[in-house]
Amino acid sequence: MSIEPFNRLVKLAARAFYDDITTKGDNQPKTGRSDNRGIAVVVLDALSRRQWVREEDLAKDLKLHSKQLRRTLRFFEEEKLVTRDHRKETAKGAKIFSAAVAATADGQQPTKEGEEKIKLHTHSYCCLDYAQIYDVVRYRLHRMKKKLKDELEDKNTVQEYVCPNCGKRYNALDALQLISLEDEYFHCESCNGELVAESDKLASQEVGDGDSNARRLRREKLKDMLQNMEVQLKPLMEQINRVKDLPAPEFGTLQAWEARANAQRRAENGESSATDPSKSSHGLGYGGTPMPFLGDTKVEVDFSGVEGKGNDIKSEADTTSLKVLPPWMIKQGMNLTKEQRGEVKQEAKMDDTLAAPEYSDDKKANTEDNEKTLQDEYFKAYYAALIQRQQEEAEKSRQVGMKSKRDENEGDDNVNWEEAPVAGDANGNFKVNDLNVEADATAEDEDDIDWEEG
Amino acid sequence: MFFHIVLERNMQLHPRHFGRNLRENLVAKLMKDVEGTCSGQHGFVVAITGIENIGKGLIRDGTGFVSFPVKYQCVVFRPFKGEILEAVVTMVNKMGFFAEAGPVQIFVSNHLIPDDMEFQSGDMPNYTTSDGSVKIQKDSEVRLKIIGTRVDATEIFCIGTIKDDFLGVINDPASV
Ligand SMILES: [Zn+2]
């Protein structure tokens, strides 16, 4: 059961259809703070990294208010992307779920000790329904295309007729009054002239009166829309085709999934006792709260050794520079006017520098852990490595700059949607490239703040 | 679409119908008056299925007629935009064709007939595909989709299309 292509589908669909969904009621004022567009994408992405998850835990992980998350999830339930399950459960029931979560090797630690004291509580769980998502996305694409095509082909428009003699206009709803017994044409009620269908007139004479002009413009607009749709949704359609013959990941109902996960865990541990989940969940400790984008355990291990350090950073840098940009990232850089190109180059660099804090965060965290014992010995090696990394980054950003140029040529006009947040966030990190080694201290300060927040 | 609804009507009855059969006479007259009529609001009254209630009669000044408020159940047929109907073709001409679905008349204009069907004039005007496999002429049965309705107080007229998936001829009288 390969889940990766389906997760990619979810991510593409999220960005294509749910990017500007806001779950706030319309009557609430849309101040900058309450504007929660983009939440939908974040939630879908988070769900694609999980299986069944308790909604409170998800809210905690995403630092969202549980009400807000629930509203978003309810929306997705209506959209048929997400299955939800609600049940009243005791602390024991919660434990069974925790054990199941632990068994799926995500290393999540969903319950705090305090919660176990609550006697009976309704908990909600949610999970992506991949099979249905595939159908929903396919159906949505089909409807979009069909609607545009129908309009384009005038499928549902009422045919109009006009009298060439007196100019009186009729439409198909008048047909009953217009038929004549002598021939097979419609005839004018007032002058008995033979009526001409409006579109024929347009084709034969190209009469430029306002009405037909508007109609032509509308047709062109529709054609553009259809074309834009084909281009912009191409990655999504391709992913749909790729996924077509794959079996959709199926987690089953909450109960089935729990039972399966627990059975698997017991088999792995060779345990006989049915429920000792507290052990496994407590073992992780509170610090084990998952941070998916930071959860790069490989780095953690590598940094504990001195000699491996330089090489590891290098390999990491290599992979990031070679990293294939996901399609929604590529999209935004494409088809720009010339004034905007400078901006995009920056942006491409920023993508790169945004990736950098990922491991510098890890490094920071780990060095903090080991600080007291290791600081003195590794101090010099650490800075040597830092300098090396700076140099590599400078190289790397040059490479990425080249790459972004190539992307621009591919053409797309959906540009604006992610520029603003990226620009705001990356200003500080941007310095790292410009000021090179001297900027170390400031860059790290900012990383620090990021770490505490996120 | 068909609906089973309750309607009310004031029936005026001539005094000669009074007597033991007053009720029967009233219902017979109601059926004669109402069945087959069309109101823009409710559609075509197809059949009266029952009498709910007959109110107290009121003698009209000067005439001697008595009016009874009658509540009756009936089946009505009301076409809607987007509805799929099966209809019998009644007339074919260069502008398209007319068809009937029960009491409703529907016009399908030639631009809503699939592009591969060409008009053929003659004794039996028809629309035919280039390979001759599908033919629409008088008495053909077609499945069509309503794309517009004109509802007057006493009349409903529809226009339809057969230019969509699963629409078109469902039975060809020539081949039977
Ligand atoms: Zn005229």
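Residues numbered from 1 in each chain as written. Chains lettered and ligands numbered in written order. Predicted model: local features only at pLDDT ≥ 70, side-chain atom pairs only at ≥ 80, totals over all residues. Heavy atoms only, no water.

**A short note on the pairing of strand E13 (residues 156-161) of chain B**
Residue and element names in this part refer to chain B. Counting buried positions along E13 gives six out of six residues, so the element sits mostly inside the fold. Side-chain alternation along E13 places Ile156, Cys158 and Gly160 on one buried face and Phe157, Ile159 and Thr161 on a second face that is also buried. In this structure, strand E8 (residues 104-109) lies alongside E13, joined through three bridges in parallel fashion. Paired with Ile106 across the bridge in E13 is Cys158. Note that strand E12 (residues 141-151) and E13 share six bridges and pair antiparallel. Residue pairing across strands places Ile146 opposite Gly160, the latter belonging to E13. What sits between the antiparallel neighbours E12 and E13 is a turn of four residues. (Buried < 20%, exposed > 50% of the residue type's maximum accessible area, 1.4 Å probe, protein only. Helix = DSSP H or I, 4+ residues; strand = E, 2+ residues; numbered from the N terminus. Pairing = 2+ DSSP bridges.)

**Brief notes about the sheet that holds strand E6 (residues 196-197) of chain A**
Strand order in the open sheet made by the three strands is E5-E4-E6 (chain A), with antiparallel pairing throughout. Of all strands in the sheet, those bounded by a partner on one side alone are strand E5 (169-171) and E6 of chain A.

**A short note on the environment of Asn171 of chain B**
All names here are of chain B. The topology assignment puts Asn171 in strand E14 (residues 168-171). Given the relative accessible area of 26%, Asn171 is considered partly exposed. A sequence separation of 36 residues divides Asn171 from Lys135, and the C-alpha atoms of the two residues are 9.6 Å apart.

**Observations regarding the pattern of salt bridges**
A side chain of one charge can pair with a side chain of the opposite charge if their charged atoms are brought near each other. Residue and element names in this part refer to chain A. Enumeration according to the criterion identifies 18 salt bridges over all chains in this entry. Arg15 is the salt-bridge partner of Asp45, the closest N and O atoms lying 2.7 Å from each other. Residue Asp45 is located in helix H2 (residues 39-48), and its partner Arg15 is located in helix H1 (residues 4-17); the two are separated by 30 residues in the primary sequence. The exposure classification of Asp45 matches that of Arg15, with both residues buried. (Salt bridge = Lys/Arg side-chain N within 4 Å of Asp/Glu carboxyl O.)

**Quick word on the packing of H1 of chain A against helix H6 (residues 130-152) of chain A**
Residue and element names in this part refer to chain A. One way to put it is that H1 packs onto H6 with a least axis distance of 11 Å and a crossing angle of 40°. If you check the angle between H1 and H6, you find them oblique. The handedness of the crossing between H1 and H6 comes out as left-handed. Taking contact as the criterion, the partners of Phe6, Asn7, Leu9, Val10, Ala13 and Phe17 in H1 are, on H6, Tyr130, Ile133, Tyr134, Val137, Arg140, Leu141 and Met144. Here the contact of H1 with H6 is built from residues that sort into eleven nonpolar, one polar and one charged. (Axes fitted to C-alpha atoms, helices over the stretch in contact; angles between N-to-C directions. Parallel < 35°, antiparallel > 145°, perpendicular 65-115°, else oblique. Left-handed = near helix turned anticlockwise from the far one by under 90°. Contact = heavy atoms within 4.5 Å. Nonpolar A, V, L, I, M, F, W, Y, C, P; charged D, E, K, R; others polar.)

**Observations concerning the sheet that holds strand E10 (residues 126-129) of chain B**
Residue and element names in this part refer to chain B. Spatial strand order, E9-E10-E11: three strands in an open sheet with antiparallel pairing. With one partner strand each, in any of the chains shown, strand E9 (117-120) and strand E11 (135-136) form the two edges of the open sheet. Two strands pair when backbone bridges link them, and E9 and E10 are joined in this way by four bridges, in the antiparallel orientation. The partner of Met117 across the bridge, within E10, is Thr129.

**With respect to the coordination of the zinc ion**
Residue and element names in this part refer to chain A. Those protein atoms acting as donors to the zinc ion are Cys163 (SG), Cys166 (SG), Cys188 (SG) and Cys191 (SG), and they sit at 2.2 to 2.3 Å. Around the zinc ion sit four donor atoms, and with donor-metal-donor angles ranging over 99 to 121° the site reads as tetrahedral. Spacing between the donor residues of the zinc ion along their common chain follows C-x2-C-x21-C-x2-C. (Donors = N, O, S within 2.8 Å, 3.2 Å for Na, K, Ca; no water. Tetrahedral: all angles 85-135°; square planar, octahedral: opposite > 155°, others 65-115°.)

**A few points about the confidence of the model for chain A**
Residues and elements named next belong to chain A. The pLDDT averaged across chain A works out to 67; a share of 51% of its residues lies at or above 70. The lowest-confidence element of chain A is helix H12 (residues 277-284), averaging 40 in pLDDT; the highest-confidence one is H2, averaging 91. Here residues 200-210 scores under 50 on pLDDT; set against residues more than four positions off or in separate chains, the count is eleven contacts. Contacts for the low-pLDDT stretch residues 272-322, under 50 throughout, to residues beyond four places or in other chains number 58 contacts. (pLDDT = per-residue confidence, 0-100.)

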